[in-house]
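Each chain, letter by letter, is given below.
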Amino acid sequence: MQIAELPINPRAVTWNRRVEAVLMVAEEPLSRIVLTGGSALVPALRQALVARSRLPVTVLEPFARVQIDARVELAALRANAPAAAVAFGLALRTEDDAP
């Protein structure tokens, strides 16, 4: 019997190592994983994290408690919200927040 070689995705290896590191150093047991950034929009990543961690994995909704101006196209905002989370957080900073 011949065993087929499966291609190894370097990104998958990197993510697996990151998950392993977080699970090993967490001071308390994790109850969930929240994804943010552009990678949160990759469905396979969420599925892989659920399978690997056996924890619920959700995608951050940074605008969930924000009143959105009527001129903003809500569908586009929601579709790209995880990727906009960092920019949104930086926009909320004040001078007192700076290190």
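Presented here is an overview of the structure given in this document. (Residues numbered from 1 in each chain as written. Predicted model: local features only at pLDDT ≥ 70, side-chain atom pairs only at ≥ 80, totals over all residues. Heavy atoms only, no water.)

Attention now moves to the packing of helix 1 (residues 10-25) against helix 2 (residues 43-53). The geometry of helix 1 relative to helix 2 is characterised by a closest axis approach of 11 Å and an angle of 45 degrees between their N-to-C directions. On the basis of their axis angle, the class for helix 1 and helix 2 is oblique. Like other packed secondary-structure pairs, helix 1 and helix 2 cross with a definite hand, here right-handed. Packed against helix 1, whose contacting residues are W15, N16, V19 and E20, the element helix 2 presents L45, L49 and R52 at the interface. Class assignment of the residues belonging to the contact of helix 1 with helix 2 gives a composition of 4 nonpolar, 1 polar and 2 charged. (Axes fitted to C-alpha atoms, helices over the stretch in contact; angles between N-to-C directions. Helix = DSSP H or I, 4+ residues; strand = E, 2+ residues; numbered from the N terminus. Parallel < 35°, antiparallel > 145°, perpendicular 65-115°, else oblique. Left-handed = near helix turned anticlockwise from the far one by under 90°. Contact = heavy atoms within 4.5 Å. Nonpolar A, V, L, I, M, F, W, Y, C, P; charged D, E, K, R; others polar.)

Looking now at the layout of surface pockets. Taken as a whole, the largest pocket holds about 330 Å³ of empty space. Together, 13 residues line the largest pocket, and R11, A12, W15, L45 and A48 are the ones closest to its centre. When residues of the lining of the largest pocket are traced back to their parent elements, those giving at least two are helix 1 and helix 2. Here the residues of the lining of the largest pocket sort into 8 nonpolar, 3 polar and 2 charged. The wall of the second largest pocket is formed by V59, L60, E61, F63, A64, I68, L74, L77, R78, A81 and P82. The greatest single-element share of the lining of the second largest pocket, amounting to 5 residues, is contributed by helix 3 (residues 74-91). Here the residues of the lining of the second largest pocket are counted per class, giving 9 nonpolar, no polar and 2 charged. (1 Å grid on protein atoms, 1.4 Å probe; cavity = no way out; pocket = protein on both sides within 12 Å on 5 of 7 lines; lining within 4 Å. Points joined across faces, edges and corners; volume = space filled by probe spheres on them.)

Turning to the nonpolar core, a few remarks are in order. Looking at soluble globular proteins, one finds that nonpolar side chains tend to be buried together. With 8 residues, the main nonpolar core is built from V19, I33, L35, A40, L45, L49, L55 and V57. Among residues more than four places away in sequence, those in contact with L55 are L23, L30, S31, R32, I33 and V50. (Core = buried A, V, L, I, M, F, W, Y, C linked by side-chain atoms within 4.5 Å. Buried < 20%, exposed > 50% of the residue type's maximum accessible area, 1.4 Å probe, protein only.)

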